[in-house]
Amino acid sequence: MEGKKIIAICQSGGEFLTEKDGTLSYRGGDAHAIDIDDQMTFNEFKTEVTEMFSCSNDNMSIKYFLPGNKKTLITVSNDKDLKRMIKFHSDFATVDIYVIEEIVAPDVSNMPASRSSRTTLSETVVPVDASLDVVDFVGDTTQPDIPLDASLDIVDDASPIDAHIDIPNEISPIFPLLGHNDEKHAKGAQQWQNAITGVGQRFSSVHEFRESLRKYAIAHQFAFRYKKNDSHRVTVKCKAEGCPWRIHASRLSTTQLICIKKMNPTHTCEGAVATTGHQATRSWVASIIKEKLKFLPNYKPKDIVNDIKQEYGIQLNYFQAWRGKEIAKEQLQGSYKEAYNQLPFFCDKIMETNPGSLATFTTKEDSSFHRLFVSFHASLYGFQQGCRPLLFLDSIPLKSKYQGTLLAATAADGNDGVFPVAFTVVDAETDDNWHWFLLQLKSAFSITCPITFVADRQKGLKESIADIFKDSYHGYCLRYLTEQLIRDLKGQFSHEVKRLMVEDLYAVAYAPRPENFQSCLESIKSISLEAYNWIVQSEPQNWANAFFQGARYNHMASNFGELFYSWASDAHELPITQMVDVIRGKIMELIYTRRAESNQWFTRLTPSMEEKLDKETQKVRNLQVLLLVGNTFEVRGDSTEVVDVDRWDCSCRGWQITGLPCCHAIAVIGCMGRSPYDYCSRYFTTESYRLTYSESIHPVPNVDMPVVKASSQLAVTVTPPPTRRPPGRPTTKKYGPQEMSKRQLQCSRCKGLGHNKSTCKELL
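Note that this is a predicted model, so its numbers are computed, not measured.

Novice: Describe the sheet that holds strand β12 (residues 258–264), and please don't skip the residues or the numbers.
Specialist: One open sheet holds the five strands; their spatial order is β8-β12-β11-β10-β9, and the pairing between them is antiparallel. Only two strands of the sheet have a single partner each, and these edge strands are β8 (202–203) and β9 (224–229). By the bridge criterion, five bridges tie strand β10 (residues 233–238) to strand β11 (residues 246–251) in an arrangement that is antiparallel. Along β11, the bridge assignment pairs K237 with R246. Along the sheet, helix α4 (residues 206–220) contacts β8, β9, β10, β11 and β12; its crossing angle with β9, the most-contacted strand, is approximately 165°.

In structure tokens form, the structure reads like this:
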């Protein structure tokens, strides 16, 4: 990437619009182009942009989309962000930049938020079918107030309409609308000062009247209480005891319109100067933050609290903000519950728009979701035509509302890039779910050659692979093997000693020949006899290069597909159908991008394999080749090796393990006057790489489920799984042996690792 320039298309003055599929599009404004590279600093970039658009440097925000993701905007605010953006777009000629001028909000009050999560007074609404008498302003006022817990907020379908009409002087409130100190904290509420104009004002529905009343109360900073509240009449009074402010509205006969019939606009109280959140219902908070949540999906409740206080002068508590965000998310993304019910139709649409794909699901006896399998035709075709018969199986937990786990099968393309083949969303990672996943994978394949699986050696998965793929090979994942070794060690070893054992275990696994394997194993034995015995009994024939019978091409860990797992992690908060569609979009873009890249290659092998072959070729100059018999040669250098050209075999075993000729084989091939390219695995050729990415994934239309269900599968009702995400921050699953570099807890009592004195089980 170093030295390569990218054209930044800078856009400003437009607006973001949300499409039906949830993606954002930018409309209007001006656009200019500038060249950027990884040598440019953020200040240089920002200065050039401000000069280009003549905007303020302080109030400017710079954002961009990740490749293939038009739903989440990323902010660039420092040099590291800028370099990361350039790295993300290193495979593209251009990157779209959005320059947004923001209003800098003043400092927020330090007043602590209330932790109460009670239903507030103005949230209290009686059921719409309640029959209550209208209280006349000059009549009986002994009618008791509606109790605090009468009901929750009612959400109508009608959208609130802001009325911008001047208030007549005769009905203006007698106290100032906003004090000097509050005015800067309630800029957003000032637009609602005229939401209620007085007697005769009409509204299309009761819901519109309630929303206008709530905005009016927020703008004028007072709390109110319902005296009557049903589908055709609403009577409200000021919450302050003795304050005469009241309003009554009811339906106009023979219409659905609501009209203000009586209003006393005079306040003798001081309003709600404390700016509590009485007027801020969850639905109101959702309506306020929904637009911002579109391009800031990580909008935190504490930030919502601060922004509402700054813009509207209302002090929410954390739970009001959290609940409002949850409602807004569901309004933007759709219902999690409904997404499960759409699975039958969604699976049919995947197979309809992508013929040759397999998308299927199962439910439990109670109709709750059990598991979903998806594999697109482009992935199946690409794996079978251009990839090595090598699959990596791994799982990641989903931190969605209903938890679950994603099981994935990924392959390695000819350039050693991740190629997604299939994935399954299950309610939990169990032996039965792994078995079902492999059964679906088997039914989707038409491949006949043996497949090597790199996966954990857990019992269920081991038995399922052997049972379903009869002639396959199971290579144990070295990462999981390392973790299990450390867990099983009973001795008291320091962190440094454990790190050395892990390094030696990797050396044992990569050792090409039995004698090299034994030499590395002796190194572990000198550290710990217990670790030595554990490794001997861990079935080295399933993970050590020296004894493994399958072809794993020196790939030792099952977490090869980290890129694929990151896609799922980025989309885990979405409803299940949207999460699957985001993954589909990522795979679609990956295929398109790599196909376009490979069309620019003019080498016989892929770039990474060309580089590896070149490194081996450079070692040839110091080798001496002697003919033994037929096409068998002896090659002398630092060691003496025997090369059999006909069998593609070298005694160093580098040729067999990697699929590329080793330096000894290249020396022999050169002496025979042949090209080493003729002795490379076909999976590493540019032709095979292009076959891998020759098919395309097509979009799945975002259409509603039909009312009339034509097939028996569509008649299935799918409900969410019973599991729910536990409270607290979700744990993060890490990959790779780098975890060993972290210092572990050490008990001061028994000197053991992994616990401290308070949890030590040793007797005092």
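Novice: Tell me about the sheet that holds strand β21 (residues 632–636), residues and numbers included.
Specialist: Read across the open sheet, the four strands follow the order β20-β21-β22-β23; overall the sheet is antiparallel. Strands with a single pairing partner mark the edges of an open sheet, and in this sheet they are β20 (624–629) and β23 (649–650). Sheet analysis places β21 next to strand β22 (residues 640–644), joined by five bridges and oriented antiparallel. By the bridge assignment for β22, R636 is matched with T640. This element, helix α21 (residues 663–671), spans β20, β21, β22 and β23 of the sheet and lies at about 55° to β22.

Novice: Pulling in residues and values, what's your account of a negative patch on the surface?
Specialist: A contiguous patch of negative charge, built from D35, E44, E48, E51 and D79, is present on the exposed surface. No other element matches helix α1 (residues 42–53), which puts three residues into the negative patch. Considering the arrangement of structural elements, one finds E51 in helix α1. Under the relative-accessibility criterion, E51 is labelled exposed at 59%.

Novice: Which residues make up the pattern of salt bridges, and what are the values?
Specialist: In the structure shown here, the tally under the stated rule is 23 salt bridges. Here R84 makes a salt bridge to D81, at a shortest N to O gap of 3.1 Å. Here the residue R84 and the residue D81 both occupy positions in helix α2 (residues 79–88), the gap between them amounting to three residues, near one helical turn. Here K612 and D416 are joined by a salt bridge, their closest N and O atoms 3.1 Å apart. Of this pair, K612 sits in helix α19 (residues 607–617) while D416 is found in the loop between β16 (405–412) and β17 (418–426), placing the two residues 196 residues apart along the sequence. In this structure K612 comes out as partly exposed when scored by relative accessible area, which is 39%. A network of salt bridges, in which partner residues are shared, links R388, D416 and K612.

Novice: Describe helix α13 (residues 478–488), naming the residues involved and giving the relevant values.
Specialist: One turn of the α-helix equals 3.6 residues, which is why residues spaced by three or four share an orientation. Those residues of α13 not exposed but buried are L478, R479, Y480, L481, T482, L485 and I486. Buried residues along α13 sit in contact with β15 (390–397), β19 (473–476), α14 (495–510) and α16 (529–536).

Novice: Could you give an account of the packing of aromatic side chains, with specific residues and numbers?
Specialist: Inspection of the entire model under this criterion finds 29 aromatic pairs. With 5.9 Å between their ring centres and 55° between their planes, F423 and F564 make a pair best called tilted. In this pair, F423 sits in strand β17 while F564 sits in helix α17 (residues 562–571), placing the two residues 141 residues apart along the sequence. F423 sits in the buried class, given a relative accessible area of 2%. Pairing W655 with Y679 gives two aromatic rings, centres 6.2 Å apart and planes at 65°, and the pair type is edge-to-face. Placement of the pair is W655 in helix α20 (residues 654–658) and Y679 in the loop between α21 and α22 (686–692), with a sequence separation of 24 residues.

Novice: For the nonpolar core, give the residues involved together with the corresponding values.
Specialist: Formed by 68 residues in total, the largest nonpolar core has its most connected members in L393, L406 and L441. For this core, the element with the most residues is helix α18 (residues 576–598), which contributes seven residues. Y476, I486, F517 and L521 belong to the second largest nonpolar core, which has 25 residues in total.

Rules behind the numbers
Residues numbered from 1 in each chain as written. Predicted model: local features only at pLDDT ≥ 70, side-chain atom pairs only at ≥ 80, totals over all residues. Heavy atoms only, no water. Pairing = 2+ DSSP bridges. Helix = DSSP H or I, 4+ residues; strand = E, 2+ residues; numbered from the N terminus. Contact = heavy atoms within 4.5 Å. Axes fitted to C-alpha atoms, helices over the stretch in contact; angles between N-to-C directions. Patch = residues over 30% accessible without salt bridge, like charges linked within 9 Å, V, L, I, M, F, W, Y side chains within 5 Å. Areas by Shrake-Rupley, 256 points an atom, 1.4 Å probe, with all protein chains shown as cover. Salt bridge = Lys/Arg side-chain N within 4 Å of Asp/Glu carboxyl O. Lys, Arg positive; Asp, Glu negative; His and termini not counted. Charge placed at Lys NZ, Arg CZ, Asp CG, Glu CD. Buried < 20%, exposed > 50% of the residue type's maximum accessible area, 1.4 Å probe, protein only. Phe/Tyr/Trp six-rings, centres within 6.5 Å; stacked < 30°, edge-to-face > 60°. Core = buried A, V, L, I, M, F, W, Y, C linked by side-chain atoms within 4.5 Å.

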